[in-house]
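Inside the fold
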Amino acid sequence: MGGRIQLDRSPDEFGVARRRKHRDARTGDGCDVKAVIYYESGGSDVLRYQDVADPEPGPADVIVRVAACAVNRLDVIQRCGWFQLAGFRYPHIAGMDIAGEIVALGDAVAGHHVGERVVIDPNLAAVSARSKLAERRWMPGELGVIGANEHGGYAELVLIPESQLHRVPDEMPFAHAAAFPTCFMTAGHALLDVGTLQRGETILIHAAGSGLSTAAIEIAKHEGAIILATAGTNEKCARATQIGAHHVLNNRSGDVAVWAREVTDGRGVDIVFDHVGAALFAQSIDSLAIGGRLITCGNTSGGAATIPSLAKLFHRRLTIQGAGVYQPGAFRRLWAWFCAEAIGVVIDSEFALGDAGAAQERMLRADHFGKILLVP
Ligand SMILES: NC(=O)c1ccc[n+]([C@@H]2O[C@H](COP(=O)([O-])OP(=O)(O)OC[C@H]3O[C@@H](n4cnc5c(N)ncnc54)[C@H](OP(=O)(O)O)[C@@H]3O)[C@@H](O)[C@H]2O)c1
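Residues numbered from 1 in each chain as written. Predicted model: local features only at pLDDT ≥ 70, side-chain atom pairs only at ≥ 80, totals over all residues. Heavy atoms only, no water.

1. As for the confidence of the model for the chain
What counts here: Here pLDDT means the predictor's own confidence in every residue, given as a number from 0 to 100. Contacts are assigned to residue pairs with any non-hydrogen atoms lying within 4.5 Å of each other.
On average, residues of the chain score 91 in pLDDT, and 90% of them are at 70 or above. Confidence over residues 1-30 falls short of pLDDT 50; this stretch has 66 contacts with residues more than four positions distant or in other chains.

Following this line, the structure appears as structure tokens:
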């Protein structure tokens, strides 16, 4: 994957060359529809903030006015062209984590109404055949993901199949809801489904200020785990303590495995939650207690890693397990838990939609602590 991909649909098919007026279903007012779209990979200057056609819903779709959309690492990776999900096509509108309000309904949509506050499950594994997004002929095993290989929430309006809608409680700000989908679903799947984190266990969480790890800290805190967190700066370590980490270490200057043993009385940790990949992989394995498990769900610093000692791996009965995409149906369960338990989120910053490039650059520099949001 990656590299240049030919434009296989005309601009007009996407409506990006036309400027039309969207008519608000509630107010009847006309309004321009803006989106951040790109036609080729490259630096943040390939992102164009421009008028696009208002999306027309299929029978089982709704149109959502985006109130907040989180920036994710994959948005940046795909824009740079380092990796693109199967089914990715140019031009592309990124944005997997969308919260907003329904402004129009397809003919067959039942159980939802204009004005409803919703958050979107981007995983299209169970999309209805009556949705426009079901028209895409997915390759076998290819997963549709809103904002990754379908147009997403870097826009004022977005087409969403009704199967992806989940109600946002009245008292919950849209920014809070938009921080949920990718990071909480990925961290929740890794910690709870795959890692089977138990109350009182010790968990080591790297890159404490990242989107995934701020979510992981919130989940681990709620589950009653002892949290060891590492980050690349002392400032991020201090923030990690503020949001609930019990022990922190700067992973650029400290020895992770030595420290993890020190703060666990020589035992090591039960779980490592890792998406940093190569840079901390060996230290993570050396930090594990007997029977410990390393759950990996990302490879930001590189995808090729070395197991420092196979003898330690088998003698200490260690497990290295991947946690990929969550199962269909899991979103509903975790979202209900998130709302009922009033789980916290960490918001780093909010950018205007037209400043999406600056928002992505902030993520690339790793200046953030928590989620970066676009607010159209
Ligand atoms: N499996 C899935 O379904 C799934 C879902 C979402 C994301 N992911 C992947 O998970 C990873 C994290 O995503 P995210 O959204 O949380 O990203 P993010 O917010 O951009 O965080 C990435 C963090 O990695 C740390 N980092 C980078 N290089 C490092 C190095 N050499 N050593 C130590 N730490 C380093 C940085 O933290 P410091 O400043 O503290 O060093 C940075 O903040 C990405 O690779 C993403 O593609 C996978």
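2. Observations regarding helix α11 (residues 356-364)
To be explicit about the condition: The classification of residues rests on relative accessible area computed with a 1.4 Å probe and restricted to protein chains. Under 20% of the type maximum is buried, over 50% is exposed, and intermediate values are partly exposed. In DSSP terms, a helix is any run of H or I states spanning at least four residues, a strand is any run of E spanning at least two, and both are numbered starting from the N terminus. Read the arc as the range of directions from the helix axis to the C-beta atoms.
Regarding α11, the residues found buried are Ala356, Gly357, Ala359, Gln360 and Met363. Projection of α11 onto a plane perpendicular to its axis shows the buried side chains occupying an angular sector of 160°, all on one side. Packing partners of the buried residues in α11 comprise β3 (34-37), α2 (73-80), β16 (347-352) and β17 (371-375). Within two residues after α11, alanine 366 carries a phi angle of roughly 60°, on the positive side.

3. Regarding a nonpolar patch on the surface
The following threshold applies: Patches were defined on residues exceeding 30% relative accessible area and lacking a salt bridge, with like-charge contacts within 9 Å and nonpolar side-chain contacts (Val, Leu, Ile, Met, Phe, Trp, Tyr) within 5 Å. Residue-level accessible areas treat just the shown protein chains as cover; the underlying method is Shrake-Rupley with a 1.4 Å probe. One side-chain nitrogen of Lys or Arg within 4 Å of one carboxyl oxygen of Asp or Glu is enough to make a salt bridge.
A contiguous nonpolar patch, built from Ile307, Leu310, Phe314 and Ile320 and spanning about 380 Å² of accessible area, is present on the exposed surface. With respect to the element layout, isoleucine 320 can be found in strand β15 (residues 319-322). For isoleucine 320, a relative accessible area of 35% translates into the label partly exposed.

4. Describing the pairing of strand β11 (residues 226-231)
For clarity, the cut-off: By this definition, two strands are paired if DSSP reports at least two bridges between them. Crossovers are marked right-handed if the path from the first strand over the helix to the second runs clockwise, as seen with the strands pointing away from the viewer.
Counting buried residues in β11 gives 5 out of 6 residues, a clear majority hidden from the surface. Summarising the sheet, strand β10 (residues 202-205) and β11 pair through 4 bridges and their orientation is parallel. From the neighbouring strand, leucine 204 faces β11, where its bridge partner is leucine 228. Where the polypeptide runs from β10 across helix α5 (residues 211-222) and back to β11, its parallel neighbour, the crossover connection is right-handed. Each parallel crossover has a hand, and the one from β11 via helix α6 (residues 234-242) to strand β12 (residues 247-250) is right-handed.

5. A closer look at the packing of helix α7 (residues 256-263) against helix α8 (residues 278-286)
To keep it simple, the criterion reads: All axes here are fitted lines through C-alpha atoms, helices being fitted over the stretch that makes contact, and every angle between N-to-C directions spans 0 to 180 degrees. Roughly parallel means an angle under 35 degrees; roughly antiparallel, over 145; roughly perpendicular, 65 to 115; everything else is oblique. When the near helix sits turned anticlockwise from the far one by under a right angle, the crossing is termed left-handed; a clockwise turn instead gives a right-handed crossing. Residues were grouped as follows: Ala, Val, Leu, Ile, Met, Phe, Trp, Tyr, Cys and Pro as nonpolar; Asp, Glu, Lys and Arg as charged; and all remaining residues, including Gly, as polar.
Direction vectors running N to C along α7 and α8 enclose 30°, while the axes themselves pass 8 Å from each other. In terms of orientation, α7 lies roughly parallel with respect to α8. As α7 runs across α8, the sense of the crossing is right-handed. Residues Val256, Ala257 and Arg261 of α7 pack against Leu280, Gln283 and Asp286 of α8. Within the contact of α7 with α8, the residues separate by chemical class into 3 nonpolar, 1 polar and 2 charged.

6. A look at the site of the ligand
As a reminder of what qualifies: Nearness here has a simple test: a residue counts as near a molecule or strand if at least one of its heavy atoms is within 4 Å of that partner. Here a polar contact is recorded for every N or O atom pair within 3.5 Å, except that within protein the pair must consist of a potential hydrogen donor and a potential acceptor, and residues adjacent in sequence are included only if both atoms are side-chain atoms.
Around the ligand, a shell composed of 25 residues is seen, among which Gly232, Lys236, Arg252, Thr300 and His368 lie nearest. In the environment of the ligand, an oxygen atom lies 2.7 Å from a nitrogen or oxygen atom belonging to the side chain of lysine 236. At 2.7 Å from an oxygen atom of the ligand is found a side-chain nitrogen or oxygen belonging to histidine 368. For the ligand, the accessible surface in isolation is 920 Å², of which the surrounding protein chains cover 84%. Elements with a contribution of two residues or more to the shell around the ligand: α2, α4 (181-194), α5 and α8.

7. Focus on the pairing of strand β14 (residues 288-296)
Examined bridge by bridge, strand β13 (residues 269-274) and β14 share 5 bridges and lie parallel to one another. Bridge pairing in β14 links aspartate 274 to threonine 296. Between the parallel elements β13 and β14, the chain passes through α8 in a crossover that is right-handed. Where β14 meets β15, 4 bridges bridge the pair, whose relative direction is parallel. Opposite threonine 296, over in β15, you have glycine 322 as the bridge partner.

8. A word on the pattern of salt bridges
Applying the stated rule across the entire model yields 9 salt bridges. Across the pair glutamate 361 and arginine 79 runs a salt bridge, and its minimum N-O distance is 3.6 Å. Here arginine 79 lies in helix α2 and glutamate 361 lies in helix α11, a separation of 282 residues in the sequence. Glutamate 361 sits in the partly exposed class, given a relative accessible area of 25%. Note that aspartate 286 is salt-bridged to lysine 312, the shortest N-O span being 3.3 Å. Of this pair, aspartate 286 sits in helix α8 while lysine 312 sits in helix α9 (residues 310-315), and the two are 26 residues apart along the sequence. Given a relative accessible area of 40%, lysine 312 falls into the partly exposed group.

9. Things to note about the packing of aromatic side chains
So the rule is basically this: When two rings of Phe, Tyr or Trp (its six-membered ring) have centres within 6.5 Å they constitute a pair, described as stacked for plane angles under 30 degrees, edge-to-face for angles over 60, and tilted for the intermediate range. Placement of a positive charge over a ring is assigned whenever Lys NZ or Arg CZ falls within 6 Å of the ring centre and within 35 degrees of the normal to the ring plane.
In the structure shown here, the tally under the stated rule is 9 aromatic pairs. Judged by centre distance (5.0 Å) and plane angle (90°), the rings of phenylalanine 88 and tyrosine 90 are edge-to-face. Taking the relative accessible area as the measure of exposure, tyrosine 90 reaches 0% and is therefore buried. Between tryptophan 335 and phenylalanine 338, the ring centres sit 5.5 Å apart and the planes meet at 25°, which makes this aromatic pair stacked. Linking tryptophan 335 with phenylalanine 338, this pair stays in helix α10 (residues 330-340), spanning 3 residues, or about one helical turn. When sorted by exposure, tryptophan 335 lands in the same class as phenylalanine 338, which is buried. Here a set of aromatic residues connected by ring pairs shows up, and it is made of Phe180, Phe184, Phe331, Trp335 and Phe338. When the ring centre of tyrosine 49 is taken as reference, the NZ or CZ atom of lysine 34 above it lies at 5.5 Å.

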